[in-house]
Amino acid sequence: MTTANQAGPQHQARRRWGEWLIENTVRLAGVSTILIVALIFLFLLKEGIPTFLDIPLRQLFSGRWYPIESLYGILPLLVGSLLVTIGAVIIAVPLGLTVAIYLGEFAPSWLREFLKPLIEILAGIPSIVLGFLGWVVLAPLIQNLGASTGLTAFTGSLILAYMALPTIISISEDALYAVPKEYRDGALAIGATEWQTIWRVVLPAARSGLVIAVMLGVGRAIGETMAVLMVTGNAANIPKLGAGMFFQPVRTMTATIAAEMGEVAQGSLHYSTLFGIGIILFLITFAINSVASRVVGVQGSRRRGGQL
Amino acid sequence: MNKIEVRNFSFFYGDFRALKNLNLPIRKNKITALIGPSGCGKSTFLRSLNRMNDTISGTRAEGEMLMDGKNIYDPDVDVVELRQRVGMVFQRPNPFPQSIFDNVAFGPRVLSTASNGDLDQIVQESLERAALWNDVKHRLTDSAFALNPGQQQRLCIARAIAVKPEVILMDEPASALDPVATLKIEELMRVLAVDYTIVVVTHNMQQAARVSHFTGFFWLGELVEFGVTSDLFSNPQKELTESYITGRRG
């Protein structure tokens, strides 16, 4: 305040006006984002609610998705999304974390400087291009392995895993990089091997960042539409339980919405059911995010000195 | 008796020669203090003793450091095993973001030297030796970050002695601490010297005079003078040493 007083009342007033302007611009930007999210959710609810009112829950969660005969069982779609996503997670998480550990801990710095931007560029490949590659290259390969068709849940998982990898690698590597050198030095100076240092000190210390990396990667996988639509075969069947379940065609929730939205009559039950599926998708992502922030939160309070 | 014998030892960061042809003994079960201005190479020397400098790329050592007669820079030396024998305490307390118990148990666990029953025993003993047991015995599962800096540093000392090293290196162990915590660390060093060989780097000449048996004075990567602490402080042989310890240089 003293400097402002020295500069005279006019200057002080201008400063205060500037502060007010910036503060409110920032506030407006913040509030509008939240408002837009809320509006989207309200719209989803408005269009989708009839699904849950008009279709008995037992029928909604039954196994037949056949809108032409007014059979709206979304179970096959749920299972399809689940299968493809779980497959993608099983592939992408270990692979992504391993690559991040290699880049962050073992790779010489010139290689890291070279690979990291490259990996980040991969994140920018349009999903339709990946879907195309999956269709043309991956699907025939998988069919040659003995599946009845190359367009399967597994094909979708592979493509999704590939899409999630750059996110997982890049953010995990940042998290590992942020672990203070003092921790590594401390562990090495006790006589821990390099791997013991990473496994017992660096990874636990980076845990919250790693969780975020995995969640963002999975988030991308579960919401992805176009690539999955192209390579999973789009059969709204529930695959038979067993080892072969990943090698059968499935249809995901996102692909269903994308494929059928164009041909439904607005306001019909079919139309609102597609929105209903959107609501369920929204809830699933919301649940994943909540679990993630819970895990990160536990880690945070531990850092501040809470009980283990 | 000499625990470590340094012979014609030089150390390079790339082309820069940080240590020049050092020769000195580290006496067993004594405290050896290394003093000198910032950047004189005393920390580099300390980190050479457990080869922590190996983690920096582009470094190179020449000459010998004989520990119990064996050169620790020989190609057949297992660095991991060496570091277990030569423990280290750093300038800033660096406990892991884990519980107090897990911090001390870290060493025995990675070296798998203890069964679980023994582990409790080792943790307790190490904390007792580090004069921390009474402060933490009822909250071993608390995070190490709940301790104050002085306690954290003693925790790091407990963590270092839990693997039963032979030598303990201390890199300005009290420089981040207040005077009371500093005195506690110095007291602890005297007690530990009964069983361990201690090498301590310090900026604080009173500290060197108070705790150490031997003192080496470093200047621009060279060892200017080495001797019994009381002699070196009361009757320095070199003019440079005298002007540094009386505060006229440095």
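**What to know about the overall build of chain A**
Secondary structure summary: chain A contains 13 helices and two strands in total. Here the C-alpha radius of gyration of chain A, 25 Å, is well above what a compact globule of 308 residues would show, namely 19 Å. In terms of overall dimensions, chain A has C-alpha extents of about 80 × 60 × 40 Å along its principal axes. Residues counted as buried form 41% of the 308 residues belonging to chain A. Carbon together with sulfur atoms contributes 69% to the accessible area of chain A, which is approximately 16,700 Å² in total. Positive and negative side-chain charges in chain A, numbering 20 and 16 respectively, have mean positions lying 7 Å apart.

**Concerning the overall build of chain B**
Of regular secondary structure, chain B possesses 10 helices and 10 strands. Taking the principal axes of its C-alpha atoms as reference, chain B extends roughly 55 × 45 × 30 Å. Across the 250 residues in chain B, those meeting the buried criterion constitute 56%. In chain B, of all internal contacts separated by at least 6 residues, the share reaching a separation of at least 24 is 67%.

**Side note on the nonpolar core**
All names here are of chain B. Counting 46 residues, the largest nonpolar core has Leu-127 and Ile-198 as the members making the most contacts within it. Beyond its immediate sequence surroundings of up to four residues, Ile-198 is in contact with Lys-30, Ile-31, Thr-32, Ile-168, Met-170, Met-189, Leu-192 and Ala-193. Judged by nonpolar contacts, the second largest core, of 31 residues, contains Val-6, Leu-22, Met-52 and Phe-218.

**Side note on a nonpolar patch on the surface**
All names here are of chain A. Together, Ile-128, Val-129, Phe-132, Leu-133, Trp-135, Val-136, Val-137, Leu-141 and Met-226 give the surface a local cluster of nonpolar side chains, amounting to about 820 Å² of exposed area. Sorting elements by how many residues they give to the nonpolar patch places helix α6 (residues 127–144) first, with eight residues. With respect to the element layout, Val-137 can be found in helix α6. For Val-137, a relative accessible area of 45% corresponds to the partly exposed category.

**Describing the packing of aromatic side chains**
Scanning the entire structure with this criterion turns up 14 aromatic pairs over all chains. Aromatic side chains Trp-195 of chain A and Trp-199 of chain A sit 5.9 Å apart centroid to centroid with 25° between the ring planes, which places their arrangement in the stacked category. You can see Trp-195 of chain A and its partner Trp-199 of chain A sitting in helix α9 (residues 194–205), four residues apart, about one turn around the helix. Its relative accessible area of 54% is what places Trp-199 of chain A among the exposed residues. Taken together, a centroid distance of 6.1 Å and an interplanar angle of 0° make the contact between Phe-214 of chain B and Phe-226 of chain B stacked. Here Phe-214 of chain B is found in strand β9 (residues 214–219), whereas its partner Phe-226 of chain B is found in strand β10 (residues 222–228), with 12 residues between them in sequence. Judged by its relative accessible area of 10%, Phe-214 of chain B falls in the buried class. Over the ring of Phe-12 of chain B we find Arg-60 of chain B; its NZ or CZ atom is 4.2 Å from the centre of that ring.

**Concerning the layout of surface pockets**
The gaps left among the atoms become clear once a water-sized probe is rolled over them. There is about 810 Å³ of room inside the largest pocket. Along its surface, the largest pocket is lined by 24 residues, and Gly-104, Glu-105, Arg-184 and Glu-194 of chain A together with Thr-55 of chain B are the ones closest to its centre. Elements represented by at least two residues in the lining of the largest pocket include exactly α4 (75–106), α5 (109–122), α7 (153–177), α8 (181–190) and α9 of chain A together with α2 (79–85) of chain B. Sorting elements by how many residues they give to the lining of the largest pocket places α8 of chain A first, with four residues. Its residues assigned to classes, the lining of the largest pocket shows 10 nonpolar, six polar and eight charged. As a volume, the second largest pocket reaches approximately 180 Å³. Contributing to the lining of the second largest pocket are 14 residues, with Phe-16, Ala-18, Gly-39, Cys-40 and Gly-41 of chain B lying nearest its centre. Mapped onto the lining of the second largest pocket, the elements with two or more residues apiece are β2 (16–27) and α1 (42–48) of chain B. Broken down by element, the residue count for the lining of the second largest pocket peaks at four residues, all from β2 of chain B. Class assignment of the residues belonging to the lining of the second largest pocket gives a composition of four nonpolar, seven polar and three charged.

**Some words on the interface of chain A and chain B**
Buried accessible area, meaning the area lost when the parts come together, often serves as the stated size of an interface. Contacts between chain A and chain B engage 22 residues on the former and 30 residues on the latter. Looking at the side of chain A facing chain B, the largest losses of area belong to Ala-189, Ile-190 and Arg-200 of chain A, adding up to 28% of the total buried there. Linking chain A to chain B there are one salt bridge. Taking the shortest distance from any N to any O, the salt bridge between Arg-47 of chain B and Asp-185 of chain A comes out at 4.0 Å. Put simply, chain A and chain B have three residue pairs in polar contact (both at pLDDT 80 or more) between them. Sorting elements by how many residues they give to the side of chain A that touches chain B places α8 of chain A first, with nine residues.

**Quick notes on the domain arrangement of chain A**
Residue and element names in this part refer to chain A. The domains assigned to chain A are domain 1 (2–54) and domain 2 (74–303). Domain 1 and domain 2 are separated by 33 Å when their C-alpha centres are compared. Facing the 11 residues of domain 1 at the interface are 10 residues of domain 2. Of the roughly 920 Å² buried where domain 1 meets domain 2, counting both sides, 84% is carbon and sulfur surface. Taken as a group, Leu-44, Glu-47 and Thr-51 account for 48% of the area that domain 1 buries against domain 2, more than any other trio of residues on that side.

**Quick look at the packing of α7 of chain A against helix α10 (residues 207–223) of chain A**
Residues and elements named next belong to chain A. Here α7 crosses α10 at 160°, and the two axes come no closer than 8 Å. Viewed along their axes, α7 and α10 adopt a mutual orientation that is roughly antiparallel. At the point where α7 passes α10, the crossing takes the right-handed sense. Listed contacts from α10 to Leu-160, Met-163, Ala-164, Thr-167, Ile-168, Ile-171, Ser-172 and Ala-175 of α7 are Gly-209, Leu-210, Ala-213, Val-214, Leu-216, Gly-217, Arg-220 and Ala-221. Of the residues contributing to the contact of α7 with α10, the split by class is 11 nonpolar, four polar and one charged.

Procedures and definitions
Residues numbered from 1 in each chain as written. Chains lettered and ligands numbered in written order. Predicted model: local features only at pLDDT ≥ 70, side-chain atom pairs only at ≥ 80, totals over all residues. Heavy atoms only, no water. Helix = DSSP H or I, 4+ residues; strand = E, 2+ residues; numbered from the N terminus. Rg over C-alpha atoms; globule rule 2.2 N^0.38 Å. Buried < 20%, exposed > 50% of the residue type's maximum accessible area, 1.4 Å probe, protein only. Areas by Shrake-Rupley, 256 points an atom, 1.4 Å probe, with all protein chains shown as cover. Lys, Arg positive; Asp, Glu negative; His and termini not counted. Charge placed at Lys NZ, Arg CZ, Asp CG, Glu CD. Contact = heavy atoms within 4.5 Å. Core = buried A, V, L, I, M, F, W, Y, C linked by side-chain atoms within 4.5 Å. Patch = residues over 30% accessible without salt bridge, like charges linked within 9 Å, V, L, I, M, F, W, Y side chains within 5 Å. Salt bridge = Lys/Arg side-chain N within 4 Å of Asp/Glu carboxyl O. Phe/Tyr/Trp six-rings, centres within 6.5 Å; stacked < 30°, edge-to-face > 60°. Lys NZ or Arg CZ within 6 Å of the ring centre and 35° of its normal. 1 Å grid on protein atoms, 1.4 Å probe; cavity = no way out; pocket = protein on both sides within 12 Å on 5 of 7 lines; lining within 4 Å. Points joined across faces, edges and corners; volume = space filled by probe spheres on them. Nonpolar A, V, L, I, M, F, W, Y, C, P; charged D, E, K, R; others polar. Buried area = accessible area lost by both parts, 1.4 Å probe. Polar contact = N/O pair within 3.5 Å; in protein donor to acceptor, adjacent residues only side chain to side chain. Domains from an automatic or database assignment. Axes fitted to C-alpha atoms, helices over the stretch in contact; angles between N-to-C directions. Parallel < 35°, antiparallel > 145°, perpendicular 65-115°, else oblique. Left-handed = near helix turned anticlockwise from the far one by under 90°.

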